[in-house]
Amino acid sequence: DQQVKQNSPSLSVQEGRISILNCDYTNSMFDYFLWYKKYPAEGPTFLISISSIKDKNEDGRFTVFLNKSAKHLSLHIVPSQPGDSAVYFCAARKQGGSEKLVFGKGMKLTVNP
Amino acid sequence: KAGVTQTPRYLIKTRGQQVTLSCSPISGHRSVSWYQQTPGQGLQFLFEYFSETQRNKGNFPGRFSGRQFSNSRSEMNVSTLELGDSALYLCASSEAGPGVSQYFGPGTRLLVL
């Protein structure tokens, strides 16, 4: 049972435009959400996170939005740059610092110059 | 501070063999988590060790096992390898748990023939 879903396997955008990556989850016990970015031959790196008590978190060009009622979150990258081309993973965690992270299958973002 | 290191980086085995992968966490990190990444399933949680104790376990068969040493270094072992075990195995470390501030290693690419 896929508790964290990234339904689109890939996205292609032009440099300078907005990239919107979507993620849905099914477990209402999740209270913390993270986005990771992964380049080939490297491990994932943490990008941005959001707690369930918020609906938006911003860090530079990256903004994550959380819609708890829809069990949906999205990552916005504005403006997109070619260096953003990578696989992006959405992850979720239940309350408690020792709880495991549940990852989506990932989405490949390609930003064209 | 050195990052998470994993050895070996690449490995080729044949069906029925066993394999041991190693992970050295960031100095001071006591939590080590292991993940399997495949194109079809994304990142799947294997298990997490904290202070030499397995604290969380994913839905993998008993052929997958792990351990953590007193210096926080961790190993995972896969016995009786199957073709479907071909994957990128990622290790991640954190100070207290996998929820936040989790740093990934570059992974071990395992190919089972």
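Residues numbered from 1 in each chain as written. Chains lettered and ligands numbered in written order. Predicted model: local features only at pLDDT ≥ 70, side-chain atom pairs only at ≥ 80, totals over all residues. Heavy atoms only, no water.

Colleague: Which parts of the structure should I look at to understand the pattern of salt bridges?
Modeller: One side chain can pair with another of opposite charge once the charged atoms of both are near each other. In the structure shown here, the tally under the stated rule is 8 salt bridges over all chains. Residue K56(A) pairs with E58(A) through a salt bridge whose shortest N-O separation is 4.0 Å. A relative accessible area of 52% places E58(A) in the exposed class. Here E82(B) ties to R63(B) by a salt bridge, and the two come within 3.6 Å at their closest N and O atoms. With E82(B) in the loop between strand 8 (74-78) and strand 9 (87-94) and R63(B) in the loop between strand 6 (53-57) and strand 7 (64-68), this pair connects stretches of sequence that are 19 residues apart. Overall, the relative accessible area of 16% leaves R63(B) in the buried class. (Salt bridge = Lys/Arg side-chain N within 4 Å of Asp/Glu carboxyl O. Buried < 20%, exposed > 50% of the residue type's maximum accessible area, 1.4 Å probe, protein only. Helix = DSSP H or I, 4+ residues; strand = E, 2+ residues; numbered from the N terminus.)

Colleague: When you look at the pairing of strand 3 (residues 19-24) of chain B in this model, what are you seeing that I'm missing?
Modeller: In regular strands, side chains alternate between the two faces of the sheet. All names here are of chain B. Relative to strand 3, strand 1 (residues 5-7) is paired through 3 bridges, and the arrangement is antiparallel. The residue of strand 3 that forms the bridge with T5 is S24. As paired elements, strand 3 and strand 8 share 5 bridges and run antiparallel to each other. From the neighbouring strand, S22 faces strand 8, where its bridge partner is E75. (Pairing = 2+ DSSP bridges.)

Colleague: How should I be thinking about the environment of G42(B) in this particular structure?
Modeller: Here G42(B) shows up in strand 5 (residues 42-50). Assessed through its relative accessible area of 1%, G42(B) is described here as buried. If sequence neighbours within four positions are ignored, G42(B) has contacts with F89(A), G104(A), K105(A), Q36(B) and Q37(B). (Contact = heavy atoms within 4.5 Å.)

Colleague: Sorry, what's going on with the sheet that holds strand 8 of chain B here?
Modeller: Whether parallel or antiparallel, the strands of a sheet pair through hydrogen bonds between backbone atoms. Residues and elements named next belong to chain B. Strand order in the open sheet formed by 4 strands is 1-3-8-7, and the pairing between neighbours is antiparallel. Single-partner strands in this sheet number two, and they are strand 1 and strand 7. Ignoring strand direction, the axes of neighbouring strands in this sheet form an average angle of 20 degrees. In terms of strand pairing, strand 7 meets strand 8 through 5 bridges, oriented antiparallel. If you follow S65 over to strand 8, its bridge partner there is N77. (Axes fitted to C-alpha atoms, helices over the stretch in contact; angles between N-to-C directions.)

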